Amino acid sequence: IVYFSPSKKKKKKKKTKKKKNNNLINPLAWISPVMRNRESLKNKENSEDNEYREKIHEENVSNQQGNLSGDYKNVFILFLLYLLQGIPLGMGGSIPMILQNKNISYKDQAMFSLVFWPFSLKLLWAPIVDALFFQKMGRRKSWLIPVQYLIGIFMLILSLNIDTILESELPNVIFLTVIFFLLNFLAATQDIVVDGWALTMLQKRNVGYGSTCNSVGQTAGYFLGNVILLAFSSPDFCNKYLRTIPQNQGIITIGGFLFVWGILFFIITSLVWIFKSEKEENDKEQDSIMGTYLKLFKIVKLPAVQQIVIVLLTVKVGFAATDAVTGLKLIEAGVSKETLSFLAVPLVPLQIILPLAISHFTAGPRPLDLFIKAIPFRLVMGLVFAALVYWTSTFSNTNTEGFPYYYYGIILFAYAMHQIALYTMFVAIMGFFARVSDPTIGGTYMTMLNTISNLGGRWPETLILWLVDPLTSKQCVVSGMGTSDCSNAELIKKCTNAGGKCVTQVDGYYVETAICTALGFLWLIWRRQSLKQLQSMKESAWKIK
């Protein structure tokens, strides 16, 4: 409350009549609309003062509500850039499903899983992307333009022979791994650039829409590169749902899909380069490359951070068999890859609602309590999926007409339950990261913890995929000739040519599921108390000096 003496008050009135464009804040702008109307009825002022008050009120409301006025074009550009980012990610997710029908080994699947590692390691080169640029071209466009042109070039080159590679009896997995690793490396670099550009491209009040563009755009791109690609390149799907006259190929080919998106990458990148200007950024608060790496080193040296790093790198071991192998085993048991990918569509609304619902319970001072409670449920869901895979294999052996609708309903319900456990853990750990991150370096802190969390999910999945074959025992049964080994693709082909049948005696997937589940419960006994202690630590334990 500000008090004025009577003499000063009169002078103030005279000044306000003479100077209408001063910088004084109108106190009526902060009063509720009803109170403001009552006040204006009691003290009528001239029309110019009324317009001035209404203008200030509109600006206050606009700032509080996050008006997108002036940012619609920027939101569309960000959505488009994130959509482009999702295309190579979606294609990387579809290739393992295609390869699974080619009887390739799980060691080859483990090799191809390396293509997803760049997004788990991008923190290693993110400081370089933020610090090095051409002044005339702009901080973000210096990286965005060449990176997206390179992605387009890779897609155009790959479109020439991708169909031949995938249609061969034994696809060249090493070549596919190298190409898609480079594609995802470029996509991860583009992600670093676009995340940084979103902070300056949008007006300050609308910066929060950047994360929305990220999630929606990347999801849409992944959907196009995975679900749509698998469905419309599948002859079975197209003949069943889209054609009256059956044909031997889908409506689109993978090579054609890559060619079209390679051209679109060139067109969109050129348009952004020519027509989208970049705002100048304030470099005064920008750390040097060495400064950023030194800051990360100081964070990792904190005892509390070392404890959470151990948790993040080991907690997902118990879920690795379920997350990495279950989908491939369902395809091996007879579920079509396009049908399996389409099962993700009904789960999209659930994936949107779950974070909003769960965040209500993780907003307090102990978000890891919910994290701990979700672990046993997710481990049990691993056993449920193993039972479903076994049921699917026996079901497909006794039913030649395909799976009934109730089967897909059961699979969908199981996936929904798994998503609840997964998102509960995800939202809880994100809430914990937000609570402990040092606000003075919040961006670097959060990025580091997220990167370690992603890495903690990648390495167990790659290892588990590699171990499926050594833990599996298969025998070729030929009538009148006894049995022989058929543990790899070449031996399976040899067995088939001899008129035999390859029979699985011990499936490594079930062995891994049992081992991972046991390790998961042992991990929970080992780390439960330390998790509770981590969220009870003082804020100073998480801050660097």
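Reading guide: rules and limits
The residue numbers shown here count from 1 along each chain, following its written sequence. It should be noted that, the model being predicted, local features are given only for residues of pLDDT at least 70 and side-chain atom pairs only at 80 or more, the latter also being counted only at that level, while totals for whole chains, interfaces and linings use all residues. Water and hydrogen atoms play no part in the side-chain values, which are based on all heavy atoms of the structure. Secondary structure elements are defined from DSSP: runs of H or I of at least 4 residues count as helices, runs of E of at least 2 residues count as strands, and each element is numbered from the N terminus. Throughout this description, buried means an accessible area under 20% of the type-specific maximum (1.4 Å probe, protein chains only), exposed means over 50%, and partly exposed covers the range between. Contacts were defined at the residue level, with two residues in contact if any of their heavy atoms lie within 4.5 Å. To be clear on the numbers: accessible area is Shrake-Rupley with a 1.4 Å probe, and residue cover counts the displayed protein chains and nothing else. Fitted lines through C-alpha atoms serve as axes, helices being fitted only where they are in contact, and the angles separating the N-to-C directions of these axes extend from 0 to 180 degrees. Our angle categories are set so that under 35 degrees counts as roughly parallel, over 145 as roughly antiparallel, 65 to 115 as roughly perpendicular, and the remainder as oblique. Here, a salt bridge means any side-chain nitrogen of Lys or Arg that lies within 4 Å of a carboxyl oxygen of Asp or Glu. Between rings of Phe, Tyr and Trp, where Trp is taken as its six-membered ring, a pair exists when centres lie within 6.5 Å; planes separated by under 30 degrees are stacked, by over 60 edge-to-face, and by other angles tilted. Either the NZ atom of lysine or the CZ atom of arginine qualifies as a charge over a ring when it sits within 6 Å of the ring centre and within 35 degrees of the ring normal. Multiply 1.5 Å by the residue count of a helix minus one, and that product is the helix's expected span. The directions considered for the arc run from the helix axis to the C-beta atoms. A residue's bend is given by the angle between axes fitted to the 7 residues ending at it and the 7 residues starting at it. Our working definition of a disulfide is a cysteine sulfur pair at a distance within 2.5 Å. Definition used in this section: a nonpolar core is a set of buried Ala, Val, Leu, Ile, Met, Phe, Trp, Tyr and Cys residues joined via side-chain atoms within 4.5 Å. The domain limits used here are those given by an automatic or database domain assignment. Nonpolar side chains (Val, Leu, Ile, Met, Phe, Trp, Tyr) are joined into patches within 5 Å and like charges within 9 Å, using only residues with over 30% relative accessible area and no salt bridge. Per residue, pLDDT captures the predictor's confidence, and it can take any value from 0 to 100.

Q: How should I be thinking about the overall build of the protein chain in this particular structure?
A: The helix and strand inventory of the protein chain stands at 23 helices and three strands. Out of the 545 residues belonging to the protein chain, those deemed buried represent 44%. A separation threshold of at least 6 residues defines the contact pool for the protein chain, and within that pool the share at least 24 residues apart is 82%. Approximately 29,600 Å² of the protein chain is accessible, and the part contributed by carbon and sulfur atoms is 63%.

Q: Please clarify how the packing of helix H14 (residues 289-301) against helix H15 (residues 303-314) should be interpreted in this entry.
A: Between two packed helices, the angle of one axis relative to the other and the distance separating the axes together describe the packing. At a minimum axis separation of 5 Å, H14 and H15 run at an interaxial angle of 80°. Here H15 runs roughly perpendicular to H14, going by the angle between their axes. Facing H14, whose interface residues are Ile299, Val300 and Lys301, H15 presents Pro303, Val305 and Gln306.

Q: Whenever I open this one, the pattern of salt bridges confuses me. Can you help?
A: Side chains that differ in charge, positive against negative, can pair when their charged atoms come close. Under the criterion given, the structure shown has eight salt bridges. Measuring nitrogen to oxygen at the nearest pair gives 2.9 Å for the salt bridge that ties arginine 140 to aspartate 130. Remark: aspartate 130 occurs in helix H7 (residues 126-131) and arginine 140 occurs in the loop between H7 and helix H8 (141-159); sequence separation between them is ten residues. Owing to a relative accessible area of 23%, aspartate 130 belongs among the partly exposed residues under this scheme. Across the pair aspartate 507 and lysine 329 runs a salt bridge, and its minimum N-O distance is 3.1 Å. Here aspartate 507, found in the loop between strand E3 (501-506) and helix H23 (508-534), pairs with lysine 329, found in helix H16 (residues 320-332); they are 178 residues apart in sequence, far enough to count as distant. Here aspartate 507 and lysine 329 have matching classes, each one buried.

Q: Explain the packing of aromatic side chains to me, please; I cannot follow it from the model alone.
A: Think of a pair of aromatic rings as described by two things: how far the centres are apart, and how the planes are tilted against each other in angle. Counted by the stated rule, this structure contains 17 aromatic pairs. A centroid spacing of 5.3 Å and a plane angle of 40° characterise the contact between tyrosine 149 and phenylalanine 266, whose relative ring orientation is tilted. Here tyrosine 149, found in helix H8, pairs with phenylalanine 266, found in helix H13 (residues 254-275); they are 117 residues apart in sequence, far enough to count as distant. Tyrosine 149 sits in the buried class, given a relative accessible area of 18%. Classification of phenylalanine 266 by relative accessible area gives partly exposed; the value is 27%. Judged by centre distance (6.4 Å) and plane angle (75°), the rings of tyrosine 390 and tyrosine 510 are edge-to-face. Linking tyrosine 390 in helix H19 (residues 368-398) with tyrosine 510 in helix H23, this pair joins segments that are 120 residues apart in sequence. Judged by relative accessible area, which is 51%, tyrosine 390 ranks as exposed. When its relative accessible area of 26% is taken as the criterion, tyrosine 510 is described as partly exposed. Counting every residue linked through ring pairs, the aromatic cluster contains Phe232, Phe237, Tyr241 and Phe342. Sitting over the face of the ring of phenylalanine 319, arginine 378 holds its NZ or CZ atom 4.1 Å from the ring centroid.

Q: Sorry, what's going on with H14 here?
A: Each full turn of the α-helix corresponds to 3.6 residues, which orients residues three or four apart in the same direction. Here H14 contains 13 residues, and its C-alpha end-to-end distance of 19 Å stays within 8% of the 18 Å for a straight helix at 1.5 Å per residue. Residues of H14 that are buried: Thr292, Lys295, Leu296 and Ile299. Here the buried residues of H14 occupy an arc of 100° about the axis, which is enough to place them on one side. The exposed residues of H14 that point more than 90 degrees off its buried face are Met290, Phe297 and Lys301.

Q: Which parts of the structure should I look at to understand helix H11 (residues 209-232)?
A: The end-to-end C-alpha distance of H11, which contains 24 residues, comes to 32 Å, matching closely the 34 Å that a straight helix rising 1.5 Å per residue would cover. The axis of H11 is deflected most strongly, by about 35°, at phenylalanine 223. Those residues of H11 hidden inside the fold are in contact with helix H4 (72-100), helix H10 (173-201), helix H12 (235-241), H13 and helix H17 (337-342).

Q: Which parts of the structure should I look at to understand the state of the cysteines?
A: Put plainly, two cysteines are in a disulfide when a covalent bond ties their sulfur atoms together. Counting across every chain of the model gives one disulfide. Cysteine 476 shares a disulfide with cysteine 495; S-S distance 1.9 Å. Here the disulfide of cysteine 476 and cysteine 495 is right-handed, its torsion about the S-S bond being about 85°. Of this pair, cysteine 476 sits in strand E1 (residues 473-478) while cysteine 495 is found in helix H22 (residues 489-497), placing the two residues 19 residues apart along the sequence. There is no split in this pair, since cysteine 476 and cysteine 495 are both buried.

Q: Could you clarify how one ought to interpret the nonpolar core in this entry?
A: A general tendency of soluble globular proteins is for nonpolar side chains to be buried together. Membership of the largest hydrophobic core comes to 86 residues, with the highest contact counts inside it found for Leu176 and Phe180. A domain-level breakdown of this core finds at least three residues from each of domain 1 (71-277) and domain 2 (295-472 + 507-544). Apart from the residues within four sequence positions on either side, leucine 176 is in contact with Ile95, Leu99, Phe112, Ile162, Ile165 and Leu166. Membership of the second largest hydrophobic core comes to 34 residues, among which are Phe319, Phe371, Tyr445 and Leu449.

Q: Got a minute to help me understand the environment of arginine 378 in this structure?
A: Take arginine 378: it is sitting in helix H19. You can call arginine 378 buried: its relative accessible area is 8%. In this structure the C-alpha to C-alpha distance between arginine 378 and threonine 424, which are 46 residues apart in sequence, comes to 9.8 Å. When residues no more than four places from it in sequence are discounted, the contact partners of arginine 378 are Phe319, Asp323, His418, Ala421, Leu422 and Met425.

Q: Is there a simple way to explain a nonpolar patch on the surface in this structure?
A: Residues Phe259, Val260, Ile263, Ile267, Leu271, Trp273, Ile274 and Phe275 make up a contiguous nonpolar surface patch of roughly 820 Å² in combined accessible area. Mapping leucine 271 onto the fold places it in helix H13.

Q: Can you help me understand the confidence of the model for the protein chain in this one?
A: With 84% of its residues at a pLDDT of 70 or more, the protein chain has an overall mean of 83. Counting interchain partners and residues more than four positions distant, the pLDDT-below-50 stretch residues 1-48 has 21 contacts. Contacts for the low-pLDDT stretch residues 56-65, under 50 throughout, to residues beyond four places or in other chains number ten contacts.

Q: Teacher, can you tell me more about the environment of glutamate 332 here?
A: Structurally, glutamate 332 can be placed in helix H16. The class of glutamate 332 is partly exposed, set by a relative accessible area of 40%. For glutamate 332 and glutamine 100, which are 232 residues apart along the polypeptide, the C-alpha to C-alpha distance reads 6.9 Å. Apart from the residues lying within four places of it in its own chain, the contact partners of glutamate 332 are Gln100 and Tyr106.

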